[in-house]
Amino acid sequence: MTNDIDLHVGKRLRRRRRLLGLTQQQLAESVGIRFQQIQKYECGANRVSASRLFELAESLDVPVQYFYEGLSHRDEVDGEGHLAADVLSQKETVDLIRAYYRLGERPRKRLLELAKSLEPEEAANDAAA
């Protein structure tokens, strides 16, 4: 049976793996398991043991707590403007972040200014307050 926490941990695992540009095979090899097990962790079909979570955290260069961040925040954007965990696990978001960091500093600043200028008026006013 799939548990909400297992699903959350799996999504966080997938997000971090993708952000690092790793395949399931590469991650699996780094912790000494088969890629099918990574698939099962990522979809929440299998629960990640404490020792395996520690190994995955080490391989992905994150603290173990990373996998639990955002558990209490389920909405896409909360009242304070924070993004929910699953927004960052979307392939489009990861592609955008990678493209952004391939740019030089000046183009990145210009792109950020452009994105901010496209915000709806009430969101821009809220951010300025």
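These numbers come from a predicted model, not from an experiment.

Thresholds, definitions, all that
- Residues numbered from 1 in each chain as written.
- Predicted model: local features only at pLDDT ≥ 70, side-chain atom pairs only at ≥ 80, totals over all residues.
- Heavy atoms only, no water.
- Helix = DSSP H or I, 4+ residues; strand = E, 2+ residues; numbered from the N terminus.
- Buried < 20%, exposed > 50% of the residue type's maximum accessible area, 1.4 Å probe, protein only.
- Contact = heavy atoms within 4.5 Å.
- Areas by Shrake-Rupley, 256 points an atom, 1.4 Å probe, with all protein chains shown as cover.
- 1 Å grid on protein atoms, 1.4 Å probe; cavity = no way out; pocket = protein on both sides within 12 Å on 5 of 7 lines; lining within 4 Å.
- Points joined across faces, edges and corners; volume = space filled by probe spheres on them.
- Nonpolar A, V, L, I, M, F, W, Y, C, P; charged D, E, K, R; others polar.
- Phe/Tyr/Trp six-rings, centres within 6.5 Å; stacked < 30°, edge-to-face > 60°.
- Salt bridge = Lys/Arg side-chain N within 4 Å of Asp/Glu carboxyl O.

## Observations regarding the overall build of the protein
Piece 1. In terms of helices and strands, the protein carries seven helices and zero strands.
Piece 2. Evaluated residue by residue, the protein yields a buried proportion of 25% over its 129 residues.
Piece 3. Put simply, of all contacts in the protein between residues at least 6 apart along the chain, 56% involve residues at least 24 apart.
Piece 4. When the accessible area of the protein is evaluated, it comes to approximately 9100 Å², of which 51% is carbon and sulfur surface.

## Some thoughts on the layout of surface pockets
Piece 1. In this structure, the largest pocket encloses a volume near 190 Å³.
Piece 2. Every residue lining the largest pocket is listed: Leu96, Ile97, Tyr100, Leu111, Leu112, Leu114 and Ala115.
Piece 3. Going through the elements one at a time, helix H5 (91-102) and helix H6 (105-117) are the ones with two or more residues in the lining of the largest pocket.
Piece 4. Considering only residue class, the lining of the largest pocket consists of seven nonpolar, no polar and no charged.

## Some points on the packing of aromatic side chains
Piece 1. Enumeration according to the criterion identifies two aromatic pairs in this entry.
Piece 2. Geometrically, the ring pair formed by Tyr66 and Phe67 is edge-to-face, given 5.4 Å between the ring centres and 80° between the ring planes.
Piece 3. Arranged with centres 5.0 Å apart and planes meeting at 90°, the rings of Tyr100 and Tyr101 form a pair that is edge-to-face.
Piece 4. Judged by its relative accessible area of 22%, Tyr100 falls in the partly exposed class.

## Notes on the pattern of salt bridges
Piece 1. A complete count under the given rule lists six salt bridges for this structure.
Piece 2. Between Glu55 and Arg52 there is a salt bridge whose closest N-O contact spans 2.7 Å. With Glu55 and Arg52 both in helix H4 (residues 50-60), this residue pair falls three residues apart, about one helical turn.

Geometry only, nothing functional implied.
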